[in-house]
Amino acid sequence: MVNKLIIDNKNKDTYKIIMKVSTDDGEYLIYTKDELNNIGDTICYAGKYELDDGMQKILPIESAEMLENLDEIFRQIIMLLNKKESSD
């Protein structure tokens, strides 16, 4: 998997892929443009990843439950990374 995602819109926005999650329902990406919100946290996005006739697509996640699951997975990874950094 390439670590770069280009959204084909007017601006051809480029994002960094943080992680890919595979479930029984499909594959999901969590990605960022390295933007910060007003309290200094990195803004992250999530979308459902699909291949449609060889075209890669990022679709909105319509399931609130799936969004919560992805959020929890991401939080756990961040917590583990922060724990490792503080012990070094």
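Residues numbered from 1 in each chain as written. Predicted model: local features only at pLDDT ≥ 70, side-chain atom pairs only at ≥ 80, totals over all residues. Heavy atoms only, no water.

Visitor: If you had to explain the overall build of the chain to someone new, which residues and values would you point to?
Guide: For the chain, the count of helices and strands is 1 helix and 5 strands. Written out in order from the N terminus, the α and β elements of the chain read β-β-β-β-β-α. Each of the 88 residues in the chain was classed as buried or not, and the buried ones make up 19%. Within the chain, contacts between residues separated by at least 24 positions form 22% of all contacts whose residues are at least 6 apart in sequence. (Helix = DSSP H or I, 4+ residues; strand = E, 2+ residues; numbered from the N terminus. Buried < 20%, exposed > 50% of the residue type's maximum accessible area, 1.4 Å probe, protein only. Contact = heavy atoms within 4.5 Å.)

Visitor: Requested: an account of the sheet that holds strand 5 (residues 55-59), with residues and values cited.
Guide: Two modes of strand pairing occur in sheets, parallel and antiparallel, and in both the strands are linked by backbone hydrogen bonds. As summarised here, the arrangement of the 5 strands in space is 1-2-3-4-5, forming an open sheet in which the pairing is antiparallel. Of all strands in the sheet, those bounded by a partner on one side alone are strand 1 (4-7) and strand 5. For this sheet, the mean angle separating the axes of adjacent strands, direction not counted, is 45 degrees. Relative to strand 4 (residues 42-52), strand 3 (residues 26-36) runs antiparallel, the two being bridged by 7 bridges. The partner of Leu29 across the bridge, within strand 4, is Gly47. (Pairing = 2+ DSSP bridges. Axes fitted to C-alpha atoms, helices over the stretch in contact; angles between N-to-C directions.)

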